[in-house]
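Structure at a glance
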Amino acid sequence: MSTSHRLILSLAGILLGGSALAVQPPEPPAPPAAPAAPSKHINISMGSGDGYALVDSSEDSVTMAGTDVDGQQIKQLQRSLKGHFLWFRDQGKGYVTQDAALLARVRDAWKPSQDLGLQMSGLGKQMSEHGKAMGELGSKMGAHGAAQANVGARDVAQLQALGRQQQELGRKMGEAARRQAQATTETARRAAGREVERLQQQMEDAQDAMEEVNDRIAAAQEREADKVDVLSRQMDQRSKPMETLGKQMEALGRQQEKATKAADKATRQVIAQALSEGKARLVR
């Protein structure tokens, strides 16, 4: 994480009590829980340019971008100003505007990016739910294997271990999907996407290993092995939507990247207009 991104995230914590992300599902337990509804708090960090923040004091909502954002100054303005305002830095000095027309342009500029973020959060929720279900099926397969009569202790232990492994992989997959949905940079989004793919492969490897153990058990006890095979097919059905969801999230991520760049450009045009037309005042 770059210095500017660390600064942005740190300031978001100061401004919003540690909850400043556009889409913020809670940390999922093991097995992973479905993410909560997205927060109104928004934090979008860009890699360059003077910092700015669109603030709605009535709803405690902040959209931030750029570098060198003065969190303390914005926090003070939140206490003294009502409704919306746009804080920004120009040539090392802080300014604020509450011009209704200019603020409406900034809000409209950011709406597409925020809507795409919500869509990505929904896909991340679906991926988390599939991962949870796969983990639960793996646990059932392990428990069922342990209950089989006359099965060697070594096979039982391996099935149980693989079931626990799949539960953990399902939890991690849900977390990775959440990070991908919340990614504020293309680099972070791609890294989270690669992590989801890696975990999917590990899940498939663990499933293959479990099926091999089940084959050994089936040779000794065909009737019980058939029940395990049903669970295995259910798990395979659950794994298929994950690839589709991953591709959808990747496509949305590219759209969001473009929308974010367009919103940042439009906001900086508004800032230039506010300065040229005297619609911004210097913050002392």
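Residues numbered from 1 in each chain as written. Predicted model: local features only at pLDDT ≥ 70, side-chain atom pairs only at ≥ 80, totals over all residues. Heavy atoms only, no water.

**Observations regarding the overall build of the protein chain**
Where we set the bar: Going along the chain from the N terminus, every DSSP run of H or I of four or more residues is numbered as a helix, and every run of E of two or more is numbered as a strand. Should any heavy atoms of two residues lie within 4.5 Å, those residues are considered in contact. Note on areas: Shrake-Rupley, 1.4 Å probe, and residue coverage restricted to the protein chains presented here.
When helices and strands are counted, the protein chain shows 6 helices and 5 strands. The linear arrangement of helices and strands in the protein chain, starting from the amino end, is α-β-β-α-β-β-α-α-α-α-β. Across the protein chain, every contact between residues at least 6 apart in sequence was considered, and the portion connecting residues at least 24 apart equals 67%. Summing over all exposed atoms, the protein chain offers an accessible surface of approximately 13900 Å²; the carbon and sulfur share of this is 48%.

**Here's the deal with the sheet that holds strand β2 (residues 61–65)**
Here is the rule we go by: At least two DSSP bridges between two strands are required for those strands to pair.
Across the sheet, which stays open at both edges, the 5 strands sit in the order β2-β1-β3-β4-β5 with antiparallel pairing between neighbours. Only two strands of the sheet have a single partner each, and these edge strands are β2 and β5 (281–282). In this structure, strand β1 (residues 52–56) lies alongside β2, joined through 5 bridges in antiparallel fashion. Along β2, the bridge assignment pairs Ala-53 with Met-64.

**Description of a negative patch on the surface**
The criterion, for reference: Here, patches come from residues exposed beyond 30% relative accessible area and free of salt bridges, joined within 9 Å for like charges and within 5 Å for nonpolar side chains (Val, Leu, Ile, Met, Phe, Trp, Tyr). By definition, a salt bridge exists where a carboxyl oxygen of Asp or Glu is found within 4 Å of a side-chain nitrogen of Lys or Arg. Neither His nor the chain termini are counted; the positive set is Lys and Arg, and the negative set is Asp and Glu. A charged residue contributes its charge at one atom only: NZ of Lys, CZ of Arg, CG of Asp or CD of Glu.
A grouping of Glu-204, Asp-205, Asp-208, Glu-212 and Asp-215 is seen on the molecular surface, where their side chains present a negatively charged patch. Mapped onto the fold, Asp-215 is located in helix α5 (residues 186–220).

**Regarding the packing of aromatic side chains**
Heads up, the rule is: Within 6.5 Å between ring centres, the rings of Phe, Tyr and Trp (the latter by its six-membered ring) count as paired, and their orientation is classed by plane angle as stacked under 30 degrees, edge-to-face over 60, tilted in between. Relative accessibility decides the category of a residue: with a 1.4 Å probe and only protein chains considered, values under 20% of the type maximum give buried, values over 50% give exposed, and everything between is partly exposed.
Tallied over the full model, the rule gives 1 aromatic pair. With 5.5 Å between their ring centres and 15° between their planes, Phe-88 and Tyr-95 make a pair best called stacked. Among the residues examined, Tyr-95 registers a relative accessible area of 15% and is labelled buried.

**A few points about the environment of Ser-139**
Within the fold, Ser-139 resides in helix α3 (residues 100–147). Of the residues examined, Ser-139 reaches a relative accessible area of 30% and is grouped as partly exposed. Between the alpha carbons of Ser-139 and Gln-166 there is a distance of 7.6 Å; along the sequence they are 27 residues apart. Those residues in contact with Ser-139 that sit more than four places away from it in its chain are Gly-163 and Gln-167.

**Concerning the nonpolar core**
Using the following cut-off: To form a nonpolar core, buried Ala, Val, Leu, Ile, Met, Phe, Trp, Tyr and Cys residues must be joined to one another through side-chain atoms within 4.5 Å.
Of all hydrophobic cores here, the largest spans 28 residues; its most connected members are Met-127 and Met-141. Counting only elements with at least two residues in this core, the list comes to α3, α4 (153–182), α5 and α6 (222–276). Broken down by element, the residue count for this core peaks at 8 residues, all from α6. Filtering out sequence-adjacent residues up to four positions away, Met-127 remains in contact with Ala-177, Val-196, Met-242, Leu-245, Gly-246 and Met-249. Listed in part, the 16 residues of the second largest apolar core include Ala-65, Phe-88, Tyr-95 and Ile-271.

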